[in-house]
Amino acid sequence: MKRDVYITGVGPVCGLGLGIDSVWPKLAAGEIAIAPVRAFDASRFGSSIAAELPEGFKVRDFVPKTYRKATKVMARDIEIAVAAADLAAKDAGLSTAAGGEEPSYDPARVGCHIGAGLIAADTDELTAALVKSQKDDGSFDIHHWGGEGMTNLTPLWLLKYLPNMLACHVTIVHDLQGPSNTITCAEASGGLSFGESLRVIQRGQADACFCGGAESNLNPMSFIRQVFTERLSKRNDDPANAVRPFDQSADGTVIGEGGGILVLESAETFEKRSGSNAYAKVLGFGASQSLNPASRSQKPAESGRGPMLAIKSALRDAGLEAGAIDAVIPFGCGHPEWDAADAAALKAVLGERIARVPVISTKAALGNCSAGAGALDLTIAAKALKEQALPKITNRDTPIDGMSATEPAKLEKLLVFTTGFGGQNTAAILERV
Amino acid sequence: MSQRIVITGMGWITPLGHDLETVWAALLSGASGVDKTTRFDASTFPTTFCAEVKGYDHNDYVSKKELHEGVGLNTSFALGAAAQAWKMAGLDGFDGLDSSRLGIYLGSGEGSLDFDNYVAANLAGWSADDRAIDGKAWAAQAHSCLKPMVEIEQEPNMPLTHLALEFGAEGPAYNCLTACAASTQAIGEASQILRCGDADVMITGGAHTMIHPLGVTGFNRLTALSNRNDTPQTASRPFSADREGFVMGEGAGILVLETLEHAQARGAAPIAEIAGYGSTADAYRITDIHPDGRGGAQAMRQALEMADTPPSAIDYISAHGTGTKENDSIETKAIRAVFCPDGDIASAPPISSVKSMLGHLIAAAGVCEAIVCALAIRDGRLPPTINYQTPDPALDLDYVPNDARDAAVNTCLSNSFGFGGQNDTLVIKRV
């Protein structure tokens, strides 16, 4: 017997703000976080705009005093996850070790699944050490590096960049001793982590889980890797209008920074511990792989078969027909080929109903937050169900075929899906509670 | 109602060879895959040796060669290991699979850094006055020297993406990267996906190399590696009193898993069963394992419980056994807590660490140790822990020192513990 699972807390950390109360009103009003890059001079990268976190973000504000020292070994990706977990726990009204109170759950019954990206070293920190190992002609001297040179890096240097350190820090801060994992499948990471938490609770291996994902590509190396994926918009001079999901004038996506943690709980234990309402019930989950040999699966196939398989699998898991879907939060990154694949997948599933089902992407406002993207989309979907309102559609003046619906007939069941770089796809169906 | 999950194919690419039987024979003979580092000039590094995969080309294994040109070493290793497993499972040329129910769950690491060009970009971008990178100068150099394909292929999901292309897998697709526990965790999660009916067949395991200058730098700075530069073959000394660090290895291991029902229906011979899986977090410290082995012991208990197997039924433990002071003593403590609650060490089964021979394959270590368990069951032979010369008085279990031995093996347990307190355990049984 599968147990029912609720989303009971959310903690978005993204360009529009920190925490759902800050992010939601802005997203609902159509605000856009994309602006010229502040983190470094990005003028020669090919893309020079991004949706960075608000200025003044400090992870120290989100950890217990006793844990402040550990923030020194956190890459930006880790900081985002740690802040998001703090926000989500508070939003869920969940007591954990972080607050020093009696925890809501036995720590062994709480799991943690967080998606992460390939974390690049802090370029300034690493290079400050590398430059001390140069030969007279300026070239790198690996003999010097192997000896004295590398001692210019702090002993714990490597631990800042291991992808599982997002989940590691979160499990330590909140004392989560249950099943834990780190999924690294580009944009699909958040959705896959959500799905794994869901299954762990359904099977009874945990009563609650922290799940989601986070990534910052606001680092020269990570940034150029995104440039190399050839998905980014050329509208560097017009950041607010750069990402145009499902619009005929779309020309690419923009790098976002952020992520989110969601608290999932078994319906049974949530109802026992809390008198409040959950955000949404999780009805179904599905995952799939796109095959597109022409691009070595770096892009989805035009047919949208990959995301379509994930959506169908989620519908099957939920025991629903496609007719039950009232609105969709898709990947919708704003690159015409990706958007076409998303639209094709939806057409294959929804048929003619696509003209009446609103499809709303968060990427126009938040950019593509990579491993954090899916978690943000699930967060927004959960909030939309609770508020009985969808975020505003922005930058879609001339919709591509089938992407014209703006108002849902009702808002009971939402589909959220991700079409990831490298071909991994996820889909989830959430229901109003 | 609970489905039985079986292994129907296995393959590995390791420092001791590139096919199942060669590596297994080498492990049983107590061979070492460790030698001087040749991948880069490590002559002045604190550690100048490692266990490299040598003389290997994935083109000898794959059929869609053009789709895998220019892949990273991690993907390259994964392709060779997976092709072996695929063939052994009888899936090469088999057309009875529903591609949307063929999934992949890997625990693979990132590809190796393009170190020279990365360093060139960083040095060119450095502004000595600001003691920071000048983005303009960095980008100019990076655009001229970094290769987009090489960078993209470093993403940790790329081994997964390439295996999917090679074998036409459209089902659930995951990569987890929980440091040294990753591929054990992948096998456990793949078995759960099969159990809950989300797929018919899963390709699982992992691939990794961190044998590049920054990888070795990272572990040398943590003082996690052995520095026995004069005697590389005897450097990896799990459970010995004189152990002083692990030895970096690299490679891949891949399993094909399916439900027993599915295997029988298509006439595939099951090799062994993945009967139990446990996964916990220490939630203790980023640098240290919980001193009592709390999380490790709990992962073992979970796996035994799921397999409905009492500790006394375990015939062999494939240890995480890295050869670091901390891991080996805490792993021993955790095993004692689970197997010797009354303090009687005779209740613990024999334990060995093939890391003494293969080095530590990081994300790919766990799957290779799971393969060892399956082969130990098949042949009734336990691989040794080599380089065990000086017993540690505090580590008093049977570590199968130095020589392989015959044993009646029906049920094994395999441990993997990752940096950051990630603990994963599998119970592997005779079918």
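Residues numbered from 1 in each chain as written. Chains lettered and ligands numbered in written order. Predicted model: local features only at pLDDT ≥ 70, side-chain atom pairs only at ≥ 80, totals over all residues.

(A) Examining the overall build of chain B more closely. Along the backbone of chain B there are 13 helices and 16 strands. Its C-alpha radius of gyration of 21 Å places chain B within 12% of the 22 Å reference for a compact globule of 431 residues. Reported as C-alpha extents along the three principal axes, the dimensions of chain B are approximately 65 × 55 × 40 Å. Across the 431 residues of chain B, 66% fall into the buried class. Considering only residue pairs separated by 6 or more positions, chain B has 79% of its internal contacts joining residues 24 or more positions apart. (Helix = DSSP H or I, 4+ residues; strand = E, 2+ residues; numbered from the N terminus. Rg over C-alpha atoms; globule rule 2.2 N^0.38 Å. Buried ≥ 20, exposed ≤ 12 C-beta atoms within 10 Å, placed from the backbone. Contact = placed C-beta atoms within 7 Å.)

(B) Looking closely at the confidence of the model for chain B. In the predicted model, chain B carries a mean pLDDT of 97, and the fraction of residues at 70 or more is 100%. The ipTM value of the predicted complex is 0.98, and its pTM value is 0.98. (pLDDT = per-residue confidence, 0-100.)

(C) Local environment of the packing of helix H3 (residues 115–125) of chain B against helix H4 (residues 135–145) of chain B. Residue and element names in this part refer to chain B. Running from amino to carboxyl end, H3 crosses H4 at an angle of 155°, the nearest separation of the two axes being 7 Å. Compared by their axis directions, H3 and H4 come out roughly antiparallel. When the axes of H3 and H4 are compared, the crossing they make is right-handed. Listed contacts from H4 to Asn117, Ala120, Ala121, Ala124 and Gly125 of H3 are Ala137, Trp138, Gln141, Ala142 and Cys145. The residue makeup of the contact of H3 with H4, split by class, is seven nonpolar, three polar and no charged. (Axes fitted to C-alpha atoms, helices over the stretch in contact; angles between N-to-C directions. Parallel < 35°, antiparallel > 145°, perpendicular 65-115°, else oblique. Left-handed = near helix turned anticlockwise from the far one by under 90°. Nonpolar A, V, L, I, M, F, W, Y, C, P; charged D, E, K, R; others polar.)

(D) Representation of the domain arrangement of chain B within the structure. Per the domain assignment, the segments of chain B are domain 1 (5–112 + 154–429) and domain 2 (115–147). Each of domain 1 of chain B and domain 2 of chain B has a C-alpha centre, and the two are 37 Å apart. (Domains from an automatic or database assignment.)

(E) Inspection of the pairing of strand S8 (residues 255–266) of chain A at higher detail. Residues and elements named next belong to chain A. Extensive coverage of S8 is indicated by the burial of twelve of its twelve residues. Inspection of the sheet shows strand S1 (residues 5–14) paired to S8 by eight bridges, in the antiparallel sense. For glycine 11, the partnering residue across the bridge sits in S8 and is isoleucine 261. By the bridge criterion, two bridges tie strand S4 (residues 49–51) to S8 in an arrangement that is parallel. Bridge pairing in S8 links alanine 51 to glycine 256. (Pairing = 2+ DSSP bridges.)

(F) View of the nonpolar core. Membership of the largest hydrophobic core comes to 307 residues, with the highest contact counts inside it found for Leu264(A) and Leu430(A). In terms of residue count, the dominant contributor to this core is helix H13 (residues 365–379) of chain B (eleven residues). Non-local contacts of Leu264(A), meaning those with residues more than four positions away in its chain, are made with Val5(A), Tyr6(A), Ile7(A), Ser197(A), Leu198(A), Ile201(A), Ala208(A), Cys209(A), Cys211(A) and Val282(A). (Core = buried A, V, L, I, M, F, W, Y, C linked by C-beta atoms within 7 Å.)

(G) Region of interest: the environment of Ile325(A). All names here are of chain A. Along the chain, isoleucine 325 turns up in the loop between helix H9 (305–318) and strand S10 (327–329). Overall, isoleucine 325 belongs to the buried group, with 23 C-beta atoms counted inside 10 Å. With 32 residues separating them along the chain, isoleucine 325 and valine 357 place their C-alpha atoms 7.7 Å apart. Once residues lying within four places of it in the same chain are set aside, the contact partners of isoleucine 325 are Leu350, Val357, Lys413 and Leu415.

(H) Up close: the sheet that holds strand S7 (residues 173–175) of chain B. All names here are of chain B. Pairing within the open sheet is mixed, and its ten strands lie in the order S7-S4-S8-S9-S1-S10-S16-S15-S11-S12. Across the chains shown, the open sheet's two edge strands, defined by having one partner strand only, are S7 and strand S12 (351–352). By the bridge criterion, three bridges tie strand S1 (residues 5–13) to strand S10 (residues 272–281) in an arrangement that is antiparallel. Bridging from a neighbouring strand, valine 6 pairs with glutamate 273 of S10. Along the sheet, helix H2 (residues 73–88) makes contact with S1, strand S4 (102–106), strand S8 (201–209) and strand S9 (250–259), crossing S1 at roughly 135°.

(I) View of unusual backbone geometry. The phi dihedral of Glu230(A) falls on the positive side, at around 55°, and the residue is not glycine. Its location among the elements puts Glu230(A) in the loop between helix H7 (220–228) and S8. On the neighbour-count criterion, Glu230(A) (15 C-beta atoms within 10 Å) is partly exposed. Even without a glycine there, the phi angle at Asn402(B) is positive, about 65°. You can call Asn402(B) partly exposed: it has 14 C-beta atoms within 10 Å.

(J) Looking closely at the environment of Ala297(B). All names here are of chain B. Tracing the backbone shows alanine 297 in helix H10 (residues 294–306). For alanine 297 and alanine 334, which are 37 residues apart along the polypeptide, the C-alpha to C-alpha distance reads 4.8 Å. Those residues within four positions of alanine 297 in sequence are excluded, and the remaining contacts are Ala334, Ala337 and Val338.

(K) Quick look at helix H6 (residues 158–167) of chain B. Counting buried positions along H6(B) gives ten out of ten residues, so the element sits mostly inside the fold. When we look at burial in H6(B), the residues that qualify are Met158(B), Pro159(B), Leu160(B), Thr161(B), His162(B), Leu163(B), Ala164(B), Leu165(B), Glu166(B) and Phe167(B). Residues of H6(B) that are buried sit in contact with strand S9 (280–289) of chain A together with H2, S4, S7 and S8 of chain B. Gly168(B) lies just past H6(B) and shows a positive phi near 65°.

(L) Representation of the pairing of S1(B). Residues and elements named next belong to chain B. Burial of S1 is extensive: nine of the nine residues sit out of reach of the surface. Relative to S9, S1 runs antiparallel, the two sharing eight bridges. Paired with methionine 10 across the two strands is leucine 255, which belongs to S9.

(M) Looking closely at the interface of chain A and chain B. Chain A puts 73 residues into the contact, and the matching count from chain B is 73 residues. At the level of elements, helix H3 (123–130), helix H4 (142–146), helix H5 (165–174), strand S6 (180–183), helix H6 (189–203), H7 and S9 of chain A are the ones that each hand at least two residues to the side of chain A that touches chain B. Residue contributions to the side of chain A that touches chain B peak at six residues, all from H3(A). Of the residues that constitute the side of chain A that touches chain B, the class distribution is 40 nonpolar, 25 polar and eight charged.

(N) Here's a closer look at the domain arrangement of chain A. Annotation of chain A at the domain level lists domain 1 (5–120 + 161–432) and domain 2 (123–152). Between the C-alpha centres of domain 1 of chain A and domain 2 of chain A there is a distance of 39 Å.

(O) Representation of H10(B) in the model. Residues and elements named next belong to chain B. For H10, with 13 residues, the first-to-last C-alpha span of 18 Å sits near the 18 Å given by 1.5 Å per residue. Burial runs high along H10: eleven of the 13 residues are buried. Regarding H10, the residues found buried are Arg294, Gly295, Gly296, Ala297, Gln298, Ala299, Met300, Gln302, Ala303, Leu304 and Met306. Summarising the contacts, the buried residues of H10 are in contact with S10, helix H11 (325–339), strand S15 (411–418) and strand S16 (422–429). The first or second residue beyond H10 is aspartate 308, which carries a positive phi of 55°. (Expected span 1.5 Å × (residues − 1).)

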